[in-house]
Amino acid sequence: LFLFADDQRPDTIAALGNPHIKTPPLDHLVQRGFVFRNAYCMGSTRGAVCNPSRHMMLSGMSLYRYNAKKREGTFGDVMRKAGFVTYHQSKRGNTAREYHKAFEHTSYLDDGAVRSGGHHGQTAADNAIGFLTSTWKREAPFFMYVGFAGPHDPRRAAKKWLNLYQRDKIPLPENYRPFHPVDNDEMFVRDERLAPWPRTPAVVRRHLHDYYGCISSIDHHVGRVIATLKTLGVLENTIIIYAADHGLAIGSHGLFGKQNLYEHSMGAPLIVAGPGISKGETAAFAYLFDIFPTVCDLVDVSVPEGLDGRSQAPVIHGKASRIRDTVFLSYRKGQRAVRQ
């Protein structure tokens, strides 16, 4: 079961060190699973970072090498040919359509409707639960890719989720600034137009309030899907992965979007839990496009040759301290970063 959020910062899960957000089902996943503290989207060649992020993840290829028209040898294709019943549902906008056709069961969310309905994650969870309880006949193991359309804006959280928080008690990011110190060529991209300059504390808290509410909603519905696995008696035999396509600024460094290479924007949560997965965490570097070969390794499926992604299974199993020594990040023509 692969659960994939849209625009979720790596520091927005309580069990990963944020005492101000409420995410009990994800906390439980962290407490019984293995966490990558340095997981990254490699970057983007366009403002819609989610597009290449998904292309990389589903192809196992890096930013400048994926082929969006190639279906064979992609994540869904490999798992289906390995005998899994494959299921995909994710947002309709900025998605790798050709890759999705490799799944046996595939459909799309109405992005705008689910984001503005107040209950982020509910529709995706409803459909996933319907597949598990009605469509899946247990004739073979399943591989499910459940992509949420949130907490991407428009971030409209119902009162149920907003009432979990007191807006004036939500702390500003430690790297909050009212302005970004330099023009990075992305000061007027769509995401940055969601809030006025300067980014006042009140404006940042208002956006964080909505953001946290949407994440708590997704968290609740993740819990419903996991509870369904338990009811069906298959939870203990299911590997669950939770990640996001990238993060978001929301006030950090005076920015609001993901069109930058700061940790809050290119970093992503990455949690793996299930049979054979020991509890723990690592500071080892991982790219999101490592997920594809890692899953293959974890379920004894041959990893396709020629992938840029590298299996992180040795790190998960404690057989290696790291797979990568360096992470390279790139955003369009003007921004580059390297971590060693």
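Each remark here, short or long, concerns the structure printed above.
Residues numbered from 1 in each chain as written. Predicted model: local features only at pLDDT ≥ 70, side-chain atom pairs only at ≥ 80, totals over all residues. Heavy atoms only, no water.

(A) Expanded view of unusual backbone geometry. Between Gly 150 and the following residue, Pro 151, the backbone shows a cis peptide bond with an omega angle of 10 degrees. Relative to the helices and strands, Pro 151 is located in strand 6 (residues 142-151). Cis geometry is found at the peptide bond from Trp 197 to Pro 198, where omega equals -5 degrees. Inspection of the secondary structure assignment puts Pro 198 in the loop between helix 7 (159-162) and helix 8 (201-231). (Helix = DSSP H or I, 4+ residues; strand = E, 2+ residues; numbered from the N terminus.)

(B) Looking closely at helix 10 (residues 291-298). Of all eight residues making up helix 10, seven are buried, and the element is well covered by its neighbours. Looking at the residues trailing helix 10, positive phi occurs at Asp 300, about 60 degrees. (Buried < 20%, exposed > 50% of the residue type's maximum accessible area, 1.4 Å probe, protein only.)

(C) Layout of the nonpolar core. Core analysis: the largest hydrophobic core is formed by 53 residues, its most contacted members being Phe 2, Phe 36, Leu 58, Phe 75, Ile 241, Leu 270 and Ile 291. No other element matches the five residues that helix 10 contributes to this core. The contacts of Ile 291, once residues within four sequence positions are left out, are Phe 2, Phe 75, Ile 241, Ala 243 and Leu 270. (Core = buried A, V, L, I, M, F, W, Y, C linked by side-chain atoms within 4.5 Å. Contact = heavy atoms within 4.5 Å.)

(D) Inspection of the pairing of strand 7 (residues 240-244) at higher detail. Of all five residues making up strand 7, five are buried, and the element is well covered by its neighbours. The side-chain alternation of strand 7 yields two buried faces, one formed by Ile 240, Tyr 242 and Ala 244 and the other by Ile 241 and Ala 243. Both strand 1 (residues 2-6) and strand 7 contribute to a ladder of four bridges, which runs parallel. Each bridged residue has a counterpart across the sheet, and for Ala 5 the counterpart in strand 7 is Ala 244. Where strand 7 lies against strand 9 (residues 270-273), four bridges are found, and the strand directions are antiparallel. Across the sheet, the residue bridging to Ile 240 is Ala 273, located in strand 9. (Pairing = 2+ DSSP bridges.)

(E) Examining helix 8 more closely. Given a rise of 1.5 Å per residue, 31 residues ought to cover 45 Å, and the 44 Å separating the end C-alpha atoms of helix 8 matches this to within 8%. For helix 8, the buried fraction is high: 22 of the 31 residues fall into the buried class. Once helix 8 finishes, Gly 233 follows within two positions and takes phi at roughly 80 degrees, a positive value. (Expected span 1.5 Å × (residues − 1).)

(F) Representation of the pattern of salt bridges within the structure. For the coordinates displayed, the defined rule picks out 20 salt bridges. Where Arg 37 meets Glu 281, a salt bridge forms, and the shortest distance between an N and an O atom there is 3.3 Å. Here Arg 37 is found in strand 2 (residues 34-40), whereas its partner Glu 281 is found in strand 10 (residues 280-287), with 244 residues between them in sequence. Using a relative accessible area of 38% as the deciding quantity, one classes Arg 37 as partly exposed. Assessed through its relative accessible area of 49%, Glu 281 is described here as partly exposed. The partner of Glu 98 in a salt bridge is Lys 101, with the nearest N and O atoms 3.3 Å apart. Its relative accessible area of 23% is what places Glu 98 among the partly exposed residues. Given a relative accessible area of 48%, Lys 101 falls into the partly exposed group. By sharing partners, the salt bridges in this structure join Asp 7, Asp 153, Arg 190, Asp 191 and Lys 258 into a single network. (Salt bridge = Lys/Arg side-chain N within 4 Å of Asp/Glu carboxyl O.)

(G) The arrangement of the packing of aromatic side chains in detail. As enumerated under the stated definition, the model contains 13 aromatic pairs in all. For the ring pair Phe 75 and Phe 292, a centre distance of 4.7 Å and an interplane angle of 20 degrees mean the geometry is stacked. Within this pair, whereas Phe 75 is found in helix 3 (residues 75-81), its partner Phe 292 is found in helix 10, the two being separated by 217 residues in sequence. Judged by its relative accessible area of 0%, Phe 292 is buried. (Phe/Tyr/Trp six-rings, centres within 6.5 Å; stacked < 30°, edge-to-face > 60°.)

(H) Inspection of the environment of Arg 167 at higher detail. Counting through the fold element by element, Arg 167 comes out in the loop between helix 7 and helix 8. C-alpha of Arg 167 to C-alpha of Glu 305: the two residues are 138 residues apart in sequence and 50 Å apart in space. With near-sequence residues (within four places) excluded, Arg 167 lies in contact with Arg 205, Arg 206 and His 209. Within the structure, the side chain of Arg 167 is placed 3.0 Å from the side chain of His 209, a separation counted as a polar contact. (Polar contact = N/O pair within 3.5 Å; in protein donor to acceptor, adjacent residues only side chain to side chain.)

(I) Local environment of the sheet that holds strand 11 (residues 327-331). One open sheet accounts for three strands, arranged 3-11-12; its pairing is mixed. The open sheet has two edge strands with one neighbour each: strand 3 (43-44) and strand 12 (335-339). Sheet topology places strand 3 next to strand 11; two bridges connect them, and they run parallel. Directly across from Ser 44, in strand 11, lies its bridge partner Tyr 331.

(J) Expanded view of the packing of helix 1 (residues 24-32) against helix 8. The N-to-C vectors of helix 1 and helix 8 enclose an angle of 60 degrees; their axes lie 7 Å apart at closest approach. Taken together, the axis directions place helix 1 and helix 8 in an arrangement best described as oblique. For the pair helix 1 and helix 8, contact is made by Pro 24, Pro 25, Leu 26 and Leu 29 and by Asp 219, His 220, Val 222, Gly 223 and Ile 226, respectively. Taken together, the residues of the contact of helix 1 with helix 8 sort by class into six nonpolar, two polar and one charged. (Axes fitted to C-alpha atoms, helices over the stretch in contact; angles between N-to-C directions. Parallel < 35°, antiparallel > 145°, perpendicular 65-115°, else oblique. Nonpolar A, V, L, I, M, F, W, Y, C, P; charged D, E, K, R; others polar.)

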